[in-house]
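The chain contents come next:
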Amino acid sequence: MNDPVLVINCGSSSIKYALVPATADQPRLTGLVERLGSGDALLKGVDSHGDAFTIGLGDVGHVQALRAILERLEGRRPGAVGHRIVHGGERFTRATLIDDDVVAAIEQTSALAPLHNPANLQGIAATRSLFPALPQVAVFDTAFHQSLPPRAYRYALPESLYRDHGIRRYGFHGTSHAFVSARADALSGLSGGWLTAHLGNGCSTAAVWEGKSLDTSMGLTPLEGLVMGTRSGDVDPGLHAHLARQLGWSLERIDEVLNRESGLLGLSGLTNDMRELEAAADRENAGAMLAIEVFCYRIAKSLAALSCALPRLDGIVFTGGIGENSPRVREQVIALLPHFGLDLEPEANLATVRGREARIDVQTPNRPVLWVIPTDEEGRIADETRQLLGETPR
Ligand code: ADP
């Protein structure tokens, strides 16, 4: 299929989109509608000349917002739509053509992702009503991690909680871990063992061996694992009961604090934005310095733990807004892993350029390599959509 793929990432109050052409010589159109449902929605994007625009949409819902997006596609018609879907449960192990049965299955998985899957489904409903004839494909954040073995995905809980309620580790950011580990394979000319660190507002690590995810830091929900912008990551599982009993907090309050008031924001008391934290740490702000230290230590600890999943470690890949752009975080993480035999090349680490792949180790033979690889979740969703449609007789 040579037509572009329209990639949609639909949240409850936002729709991110990208029109991804079949070949790299054509520009990609990207943007988002934000503040949906507030009465004052905004469409922000970048056109094919690279110029940014912002348009007030007023009081619109998902369907009207998608119509407005279509009008900004400069007359280019998508040949398919690829949807980013957060949770595919155990049923979806790869990209899947959307039909009524698939919609029902995503609905059934909504209990596992109550904030995300219903919003993703709104996006599917809106695009299906607008483009009834176009093939629509669901690409799941969890699918890449369906290759985890039971020892990695099972919690040590009564078996019935797994069997009857699907309580297990699923992992997220699969599209990103899949993309950067495949790039690391291609760049290194091997089908290797990689530890990948996706560090954005949400953060997770994964252990990938010969193209398959063997373990990852996120679990049943995207709250497990690393310290994130506003999410706590791992805490003592006894914390919830303690907060409820000792402070009288409701479940909703606990959920809110762990998801929205913790992480870098909670630790620093300042911000969840790594750029601002680094600037504050340069001014010796104690909260900012502590937040960065805990953040890096927990990444290193997670990478060390996940290395147990790999038969051989060929290298570490950093990606996401922080992983791609913060030499300080990369350096602090690597300094905490002296037993891995990593050799960071400090100048290469400092000289990385936004949006470009870079190797940042000294390049000693037979040592694990260090890559900075910009993630491209939209490109990967478009590729998986194309690949599936190429295989599907229609
Ligand atoms: P999301 O997970 O929402 O897609 P991103 O991957 O864009 O988010 O990551 C956002 C994070 O990246 C923020 O904490 C931001 O401060 C951080 N970031 C972006 N650029 C830089 C930079 N130059 N230095 C340090 N951190 C950066």
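These lines cover the structure that appears in this document, whether it is placed above or below. (Residues numbered from 1 in each chain as written. Predicted model: local features only at pLDDT ≥ 70, side-chain atom pairs only at ≥ 80, totals over all residues. Heavy atoms only, no water.)

1. A short note on the overall build of the protein chain
So, point 1. Per the secondary structure count, the protein chain includes 15 helices and 14 strands.
So, point 2. Expected size for 394 residues packed as a compact globule is a radius of gyration near 21 Å; at 21 Å, the protein chain falls within 12% of this value.
So, point 3. Taken along the three principal axes of its C-alpha coordinates, the protein chain extends 55 × 55 × 45 Å.
So, point 4. Relative to its 394 residues, the protein chain shows a buried fraction of 51%. (Helix = DSSP H or I, 4+ residues; strand = E, 2+ residues; numbered from the N terminus. Rg over C-alpha atoms; globule rule 2.2 N^0.38 Å. Buried < 20%, exposed > 50% of the residue type's maximum accessible area, 1.4 Å probe, protein only.)

2. Things to note about the site of the ligand
So, point 1. The full set close to the ligand counts 13 residues, and N201, D273, M274, G321 and R354 are the nearest of them.
So, point 2. At 3.2 Å, a backbone N or O of R275 approaches an oxygen atom of the ligand.
So, point 3. Residue G321 places a main-chain N or O atom 2.9 Å away from an oxygen atom belonging to the ligand.
So, point 4. Surface burial for the ligand is 72%, taken as the share of its 580 Å² of free accessible area covered by protein chains.
So, point 5. With four residues, the top contributor of residues to the shell around the ligand is helix α12 (residues 320-325).
So, point 6. Split by residue class, the shell around the ligand holds two nonpolar, eight polar and three charged. (Near = heavy atom within 4 Å. Polar contact = N/O pair within 3.5 Å; in protein donor to acceptor, adjacent residues only side chain to side chain. Areas by Shrake-Rupley, 256 points an atom, 1.4 Å probe, with all protein chains shown as cover. Nonpolar A, V, L, I, M, F, W, Y, C, P; charged D, E, K, R; others polar.)

3. Remarks on helix α1 (residues 62-71)
So, point 1. Those residues of α1 that fall on the buried side of the exposure criterion are H62, A65, L66, A68 and I69. One face of α1 carries all of its buried residues, which in axial projection span an arc of 155°.
So, point 2. Of the surrounding secondary structure, the elements contacted by the buried residues of α1 are β1 (5-10), β2 (15-20), β3 (29-34), β4 (41-46), β5 (52-58) and α3 (117-130). (Arc of directions from axis to C-beta. Contact = heavy atoms within 4.5 Å.)

4. So, the nonpolar core
So, point 1. One finds L199, F295, I316, V329 and V333 to be the most contacted residues of the largest nonpolar core, which totals 44 residues.
So, point 2. Of all the elements in the fold, those that place two or more residues in this core are β9 (193-199), β10 (203-209), α10 (274-282), α11 (286-306), β12 (315-319), α13 (327-335) and β14 (369-372).
So, point 3. If you tally residues by element for this core, the top one is α11, at nine residues.
So, point 4. In this structure F295 touches C203, V227, L264, M274, I322 and V329, once residues within four positions along its chain are discounted.
So, point 5. C10, L43, A68 and A126 belong to the second largest nonpolar core, which has 23 residues in total. (Core = buried A, V, L, I, M, F, W, Y, C linked by side-chain atoms within 4.5 Å.)

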